[in-house]
Amino acid sequence: MIKKTFSIKNKLGIHARPAALLAQKASKYDSSISIVKDGQKIDCKSILGIMMMAVECGADIDIVIEGSDEKDAMVNMEKLINERFYE
Amino acid sequence: MKKYTVGDILKEKNIILKLQSLTGKKGLKREIKTCEIHRPVLAFLGHYDSFPRGAVQVLGEEEMTALNIMRKNKKYELNRKMFSKDIPCFVVTADFNLPKYFIRKAEIAKMPVLRTKLSATRFIDRIFVFLDDGMAPKITAQGVMMDVYGMGVLITGESGIGKSECALELLKRGHRLIADDIVGIKQRSGSILVAHAMMTRHHYVEVRGLGIIDIEDVFGIGSVRNAIRVELVVRLEEWDKVKDYDRLGIEKRHTTILGIEITEVVVPVTAGRNLAVIIELAAKNQRLKAEGHYAAKELERELIKITKKKKKE
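Okay, so let's go over this structure.

Each value, and the rule that gives it
Residues numbered from 1 in each chain as written. Chains lettered and ligands numbered in written order. Predicted model: local features only at pLDDT ≥ 70, side-chain atom pairs only at ≥ 80, totals over all residues. Heavy atoms only, no water. Helix = DSSP H or I, 4+ residues; strand = E, 2+ residues; numbered from the N terminus. Rg over C-alpha atoms; globule rule 2.2 N^0.38 Å. Buried < 20%, exposed > 50% of the residue type's maximum accessible area, 1.4 Å probe, protein only. Contact = heavy atoms within 4.5 Å. Areas by Shrake-Rupley, 256 points an atom, 1.4 Å probe, with all protein chains shown as cover. Lys, Arg positive; Asp, Glu negative; His and termini not counted. Charge placed at Lys NZ, Arg CZ, Asp CG, Glu CD. Pairing = 2+ DSSP bridges.

**What about the overall build of chain A?**
Looking only at helices and strands, chain A has 3 helices and 4 strands in total. Along chain A, helices and strands appear, N-terminal first, in the series β-α-β-β-α-β-α. Against the compact-globule benchmark of 12 Å for 87 residues, chain A has a radius of gyration of 11 Å, which places it among compact chains. When the backbone C-alpha atoms are referred to their principal axes, chain A occupies close to 35 × 25 × 20 Å. Considering chain A as a whole, with its 87 residues, one finds that 48% of them fall into the buried category. Of the contacts made within chain A by residues no fewer than 6 positions apart, 69% connect residues no fewer than 24 positions apart. Total accessible area on chain A stands at roughly 4400 Å², and carbon and sulfur atoms take up 49% of it. If you average the places of the 13 positive and of the 13 negative side-chain charges in chain A, the two averages end up 5 Å apart.

**Quick look at the sheet that holds strand β5 (residues 56-59) of chain B**
All names here are of chain B. One open sheet accounts for 5 strands, arranged β2-β7-β6-β5-β4; its pairing is mixed. Both edges of this open sheet fall to β2 (19-21) and β4 (37-38), since each of them pairs with a single strand only. Pairing analysis gives 2 bridges linking β4 to β5, with the strands arranged parallel. Opposite Ile-37, over in β5, you have Val-56 as the bridge partner.

From the geometry alone we can't say anything about function, so treat these as descriptive.
Below you can see the structure in the form of structure tokens.
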């Protein structure tokens, strides 16, 4: 299991488009990927789940990945978040 | 878990508590630490054992009588302990008039004293429900929460197994959606789990290929509800040939949510299985089981009767 903390830098936080990108990317891996914010844990493969969290700009989230391809998954999730979802 | 101060209940508009403060704004920041309510009649007469300090202290007719006794009998005196810092407040019910010295003592201790028109029983009922709801332990669960024949069913399973599609089929059959994907669950008093939508105004479902659908718009207001008691968990799993699935339905299987055991049914998914029908059946069967009807047990009894008869012959 690997865990990493990220700070969200998008102006609008994780709104519809970033949520879709996160869910799409996460669904490509066999590992279970979840987002943890304020003690609330959400499956990162669920777009509605991500959106219901309403992650605002400046918020800290943990990405927790567990499974056979966890390292590869973390690299790509990290890239997506650090590139501010290409916005 | 939400925290409440005395000021919060004084200002609360959603439930009608009809409260007013007799001691002004002093002490309104005191925290209410439990949803339990306490009647301090025994404490007034000198018995402080097992006195729940974090609880709202409700004064009704009994306490008024106790205060009267205290006035007549010098043996009893309002103990300073009654105004200690960890007691949130006193609430006088049914518009009783408190003796002036009581309010003076409270003011010195910066202890809020509130008054309501409601009778003690009515007030306790309303404030308990309010505090119990706000202070209830909560989690969020992954899955779809449906009302199937009036029974709260939580459908769980890995992402992409078809939970949302299953929900759509159930909706089409006239059942109701509480929440898709992320379900809030609260533990209410009496070991009851209540599931609710995270955003109460809308009920969305995500369908791969179509995107996000507003269920209320498509299926109508009758197809959604905001909360329901969780009574059954149906876990969808990819069919595993090695694994043994329940074939009889005699054993009780449980899953634990917030420390409470809930019956769980594991349903293997394969092409050609109509999951909605199976979930409808599971809900109906669960109701029968709750009333003591176990089809497998009854079949077993019949079978034993027949084999015994055959043996005699």
